[in-house]
Amino acid sequence: MYVAVKGGEKAIDEAHQFLAEKRRGETRIEALSAEQISQQLGLGVDRVMTEGSLYDRELAALALKQAMGDSVEAIFLLRAYRTTLPRFGTSTPIETDAMRVERRISATYKDVPGGQALGPTFDYTHRLLDFALLAEGESKLTHHDSSTQSVESKLADNAESSVNDEAYQRVSNFLRQEALLKEQFKLSGKAVDITREPLKYPCPRDGRLQTLARADEGFLIALAYSTQRGYGRTHPFAGEIRMGYVEVNLFIEELGFDLCLGEICVTECDMINQFAGNEQEPPQFTSGYGVSFGFCERKTMAMALVDRSLQAEELGEVVDTPAAQAEFVLSHCDNVEASGFVSHLKLPHYVDFQSELALVRKMREEFFDSKEREGQVTSNDTDLENSLTEQTGASRA
Amino acid sequence: MPNQSEYNFAYLDEQSKRTIRRGLLKAVAIPGHQVPFAGREMPMPYGWGTGGVQVTASILGADDCLKVIDQGSDDTTNAVSIRRFFDKTALVETTTDTEAATVIQTRHRIPEQPLTNNQILVFQVPIPEPLRFIEPSESETMKMHALEEYGVMHVKLYEDIAHHGHIATTYAYPVHVNGRYVMDPSPIPKFDNPKMHMSDALLLFGAGREKRLYAIPPYTDVKSLDFDDHPFEIQQWDQSCALCGCEHSFLDEVIVNDEGERMFVCSDSHFCQQRVNAKLNMSEAVEV
């Protein structure tokens, strides 16, 4: 006899075996190494590290390999690993002012001290498929050691030559010098840690920024976009975007000084926004902030826009757009949470569905019952429902 | 799972488990009250039982015996997956026998067989806030709980009656716990609600994505919301189980062929199996 849902255990094993084969692909093709992924699919690795909240290129590459290139699945893998790691300390805040810059641009000033450094950007490339990459060899565009180098790579070289140990002044500081940038959100005491304390509403800015930093890139871009085209009035300018390397330091109690643990690559975006001022305060600029591990520039820009939108309440602005509603944004921006809950609909719901089924049937009985009493029911319908209506009719009377 | 040895007993580190246990103690002390806790990412997706898994991981000891059910059955894929997870990360004994288990993790059901006071039932909870679909804002619902402002819930149930003639909630049916908090019992069918009242077993609820814990300690008053003229009632079937003949269990409907013929079987697979076995033994005994 057929027995409902037996054999789950065996089915799972078979499915996972099938998945492993799918993941490997045809065996005549050489397997990808995590190192190749880390080197050649670096931006994918950066995204996985950022939203996975763990700076580990090798493990992020492994996650991408295991997830067959599915970023959200890879992010999930990395998060699930991260959660098991013990904490041995909290680093001192990274000093992005002292960044060893690879890219640094400002859209608010034509030139700034230190100059504009394009760095390795897709900007200004023509989005033409480079069929040379399909062939065995590499496109010559990617080598910039020869004398026939392209404009892009020359620019990059110039940028590199201007990369030196002297720190780049932060563009927003020029506005601060003129007191044109609203100073706010001084952190009082220790920053919250959203991985150790549940988010509480109203959520302070440190909690908001942490949540946005690991938020889904796509979700943030859509929200940021919505603020630009009518669902928000933040009038943004990209004050500065910088990408490069910063030291991570840990204060060692026993030694009494900071110890450098190593360098990480980060991208940072300062967005400058209009603020009309109010009765207490003169007109000035406000800012939104975005940051990521690696080179996730699009993400940091979107994050900065959303960060600014979420300041609406503190700035006394009307909170009437999705991107300005902290609970809406922060509760739904994490793709590990969101994808989990959406995909859980695949799980069996027989019991709940059974309950709903019984209810719909009962309501239909009552529907036909009342129609019948009103004499509006055709004879066919009556036949169909006749046997069912007696009981409920009696109980309702 | 790779590198088992690199993970702690029951996956989570001891500090995290202790944090969760502290939250659980508070939850037990204030029956039905939602306690925020620092939920951890788990290696299964949110919405697939991470809250329940974290609670189970925190309370599990080496000598515990674990049973995991989903929709009442030990053999549904997600139940298998979670049971295996603890089998591997905690090396605890696992069982499908309701009576033998000390900890039972469940999704959407309470076992048919009454539980005892040395058992803990851990529920997986998707949306812990019973008022969520009436009031989407967390800040607001927190205030409503604090002020015991549950009028809206009764209004919702009343509107059901006005529109449909009866309360149109069949699962995740809200309960009033210990005369104080209105609580979401997780999406169990309302059929199971009465089992929570004065339960011998400790009932723990974990919502991983929403990061909330709550509890019903043993022998607590649990009342399903209703009205004097519309008393709470549970689902009933005209059919009995096609396998064991049970007439008082929750039945799943199974479509057996393309013509849409149906069969009803117990949703609690262990309960059903036991009854089938007992019948077989009886008939054998008669033959002898």
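Note that the coordinates shown come from a computational prediction; the quantities given were computed from them, not determined experimentally. (Residues numbered from 1 in each chain as written. Chains lettered and ligands numbered in written order. Predicted model: local features only at pLDDT ≥ 70, side-chain atom pairs only at ≥ 80, totals over all residues.)

(A) Molecular detail of the overall build of chain B. The number of helices and strands found in chain B is six helices and 12 strands. Compactness check: chain B gives a C-alpha radius of gyration of 20 Å against a globular reference of 19 Å for 288 residues, within 12% of the reference. With the C-alpha coordinates of chain B rotated into their principal frame, the extents come out at 65 × 55 × 40 Å. When the 288 residues of chain B are sorted by exposure, 48% land in the buried category. When contacts within chain B are restricted to residue pairs at least 6 apart in sequence, long-range pairs at least 24 apart make up 62% of them. (Helix = DSSP H or I, 4+ residues; strand = E, 2+ residues; numbered from the N terminus. Rg over C-alpha atoms; globule rule 2.2 N^0.38 Å. Buried ≥ 20, exposed ≤ 12 C-beta atoms within 10 Å, placed from the backbone. Contact = placed C-beta atoms within 7 Å.)

(B) Focus on the domain arrangement of chain B. Residues and elements named next belong to chain B. Taken domain by domain, chain B holds domain 1 (4-224) and domain 2 (251-287). Computed over C-alpha atoms only, the centres of domain 1 and domain 2 are separated by 28 Å. Contact with domain 1, which involves 12 residues of that partner, is made by five residues of domain 2. Residues belonging to the side of domain 1 that touches domain 2 are distributed by class as follows: one nonpolar, six polar and five charged. (Domains from an automatic or database assignment. Nonpolar A, V, L, I, M, F, W, Y, C, P; charged D, E, K, R; others polar.)

(C) Representation of the sheet that holds strand E10 (residues 222-224) of chain B in the model. Residue and element names in this part refer to chain B. Within the open sheet, the three strands sit side by side as E7-E6-E10. Their pairing is antiparallel. Edge positions in the sheet fall to strand E7 (181-183) and E10, since each of these pairs with one other strand and no more. Going from strand to strand, the sheet's axes swing by 30 degrees on average, the running direction of each strand aside. Bridge count between strand E6 (residues 175-177) and E7: three bridges; the pairing is antiparallel. Looking at the pairing, Val175 lines up with Met183 of E7. (Pairing = 2+ DSSP bridges. Axes fitted to C-alpha atoms, helices over the stretch in contact; angles between N-to-C directions.)

(D) The arrangement of the confidence of the model for chain B in detail. The pLDDT averaged across chain B works out to 92; a share of 97% of its residues lies at or above 70. In the model output, the complex is listed with pTM 0.81 alongside ipTM 0.73. (pLDDT = per-residue confidence, 0-100.)

(E) Representation of the domain arrangement of chain A in the model. All names here are of chain A. Looking at the assigned domains, one finds that chain A contains domain 1 (8-82), domain 2 (96-125 + 149-342) and domain 3 (350-396). Each of domain 1 and domain 2 has a C-alpha centre, and the two are 28 Å apart. Taken together, the 13 residues of domain 1 in the interface contact 13 residues of domain 2. Put simply, the parts of the chain that give the side of domain 1 that touches domain 2 at least two residues each are helix H3 (42-52) and helix H5 (71-82). For the side of domain 1 that touches domain 2, the residue count by class is seven nonpolar, two polar and four charged.

(F) Representation of the interface of chain A and chain B within the structure. Contacts between chain A and chain B engage 42 residues on the former and 47 residues on the latter. Counting residues per element, the ones that place at least two in the side of chain A that touches chain B are helix H1 (8-24), H5, helix H12 (335-343) and helix H13 (350-373) of chain A. Ranked by residues supplied to the side of chain A that touches chain B, first place goes to H13(A) with 11 residues. Its residues assigned to classes, the side of chain A that touches chain B comprises 21 nonpolar, nine polar and 12 charged.

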